[in-house]
Amino acid sequence: MTARPIPTGKRALDILLAGTGLIGSSPLWLLLAAVIKLEDGGPVFYSQERVGEGGRVFRAYKFRSMIPDAERGTGAIQATADDPRITRTGRVLRATAMDELPQLWNILVGDMSFVGPRPLRPGEVDVRGDGTLVALSDIPGYVERHQVRPGLTGLTQVYAPRDIARHNKFRLDRLYLERAGLCLDLKLILLSFWISFRGQWEAPKRNI
């Protein structure tokens, strides 16, 4: 899949927001690191391979929100509501998106953008209602979403409930590709800050 050139204004906004966010949130990093470590003694950070622009694989960083070795025996599957693997601290981190603060670094170095399709994992599968496992790469819309850099937030992240089918999420990703622009990005960024402030990222339905 051929990647689209990133607009100069979009890249400038990414650098400005990511740099400001890294500096402004640095005292919070120390607090979060201490709380995560005190809860179970496990590592503070967690990293995963993700598929980015043009299909390039990069490593994304997060504050750990699940128990250590959470995917042992399950593989790369998406967390569900009331997932027992999520720690008490992790529930707060995920509800406010503070677990994703380290991805500001991914944005600063150009692996990600502030706004775009959610970065997915190589080999990730979708679990259907009947228990059938389907590779995400086999779902229509998977390839098209890699035309642009993946985003910390985006149309799908803001508007799609966590548990809707992946093909519906990919449909929203395609809609973003059609309508992408600075005004839409700014709107999604502001909505994302509002959702974080209210701690609503893990809510089944959000009142935006």
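Preceding this section is the structure that the text describes.
Summarised in this report is the structure supplied together with it. (Residues numbered from 1 in each chain as written. Predicted model: local features only at pLDDT ≥ 70, side-chain atom pairs only at ≥ 80, totals over all residues. Heavy atoms only, no water.)

**Overview of helix α1 (residues 8-24)**
In step 1: Given a rise of 1.5 Å per residue, 17 residues ought to cover 24 Å, and the 24 Å separating the end C-alpha atoms of α1 matches this to within 8%.
In step 2: Looking at the buried residues of α1, the elements they touch are α2 (26-40), α4 (103-109), β3 (113-115), α6 (166-179) and α7 (182-198). (Helix = DSSP H or I, 4+ residues; strand = E, 2+ residues; numbered from the N terminus. Expected span 1.5 Å × (residues − 1). Contact = heavy atoms within 4.5 Å.)

**Things to note about a nonpolar patch on the surface**
In step 1: Taken together, the side chains of Tyr-61, Trp-105 and Val-109 define a hydrophobic patch exposed on the protein surface, amounting to about 290 Å² of accessible area.
In step 2: Here Trp-105 lies in helix α4. (Patch = residues over 30% accessible without salt bridge, like charges linked within 9 Å, V, L, I, M, F, W, Y side chains within 5 Å. Areas by Shrake-Rupley, 256 points an atom, 1.4 Å probe, with all protein chains shown as cover. Salt bridge = Lys/Arg side-chain N within 4 Å of Asp/Glu carboxyl O.)

**So, unusual backbone geometry**
In step 1: At Ala-97, a position not held by glycine, the phi torsion is positive, near 65 degrees.
In step 2: Tracing the sequence through the fold places Ala-97 in the loop between α3 (88-96) and α4.
In step 3: We classify Ala-97 as partly exposed; its relative accessible area is 21%. (Buried < 20%, exposed > 50% of the residue type's maximum accessible area, 1.4 Å probe, protein only.)

**A look at the pattern of salt bridges**
In step 1: Taken as a whole, this structure holds 10 salt bridges when the rule is applied.
In step 2: Among the salt bridges present, the one from Lys-62 reaches Asp-99, with a minimum N-O distance of 3.4 Å. Here Asp-99 lies in the loop between α3 and α4 and Lys-62 lies in strand β2 (residues 57-63), a separation of 37 residues in the sequence. The same class applies to Lys-62 as to Asp-99, namely buried.
In step 3: A salt bridge links Arg-145 to Asp-173, with the shortest nitrogen-to-oxygen separation between them at 2.9 Å.

**Some thoughts on the side chain of Asp-99**
In step 1: When its relative accessible area of 3% is taken as the criterion, Asp-99 is described as buried.
In step 2: Apart from residues lying up to four places away in sequence, Asp-99 is in contact with Lys-62, Phe-63, Ser-65, Leu-93 and Arg-94.

**Structural notes on the pairing of β2**
In step 1: Relative to β2, strand β1 (residues 45-51) runs antiparallel, the two sharing seven bridges. Across the sheet, residue Glu-49 finds its bridge partner in β2, namely Arg-59.
In step 2: Hairpin geometry of β1 and β2 is characterised by an intervening segment of five residues between the two adjacent antiparallel strands and by a positive phi of about 70 degrees at Gly-54. (Pairing = 2+ DSSP bridges.)

**Describing the packing of α1 against α2**
In step 1: Contact geometry of α1 with α2 gives a least axis separation of 4 Å together with a crossing angle of 55 degrees. Regarding the angle of α1 to α2, the classification is oblique. The segment α1 lies against α2, with Leu-22, Ile-23 and Gly-24 engaging Ser-26, Pro-27 and Trp-29.
In step 2: Split into classes, the residues belonging to the contact of α1 with α2 amount to four nonpolar, two polar and no charged. (Axes fitted to C-alpha atoms, helices over the stretch in contact; angles between N-to-C directions. Parallel < 35°, antiparallel > 145°, perpendicular 65-115°, else oblique. Nonpolar A, V, L, I, M, F, W, Y, C, P; charged D, E, K, R; others polar.)

**What about the nonpolar core?**
The nonpolar side chains of a soluble globular protein tend to be buried, and buried together.
In step 1: With 26 residues, the main nonpolar core has Phe-63, Leu-104, Ile-107, Phe-114 and Leu-188 as its most contacted residues.
In step 2: When residues of this core are traced back to their parent elements, those giving at least two are α1, α2, β2, α4, β3, α5 (155-159) and α7.
In step 3: No other element matches α7, which puts five residues into this core.
In step 4: Contacts of Phe-114, omitting those with residues within four sequence positions, involve Asp-14, Leu-17, Ala-18, Leu-104, Ile-107, Gly-151, Leu-152, Thr-153 and Ile-189.
In step 5: Formed by seven residues, the second largest nonpolar core is a distinct cluster that contains Val-51, Val-134, Ile-139 and Tyr-142. (Core = buried A, V, L, I, M, F, W, Y, C linked by side-chain atoms within 4.5 Å.)

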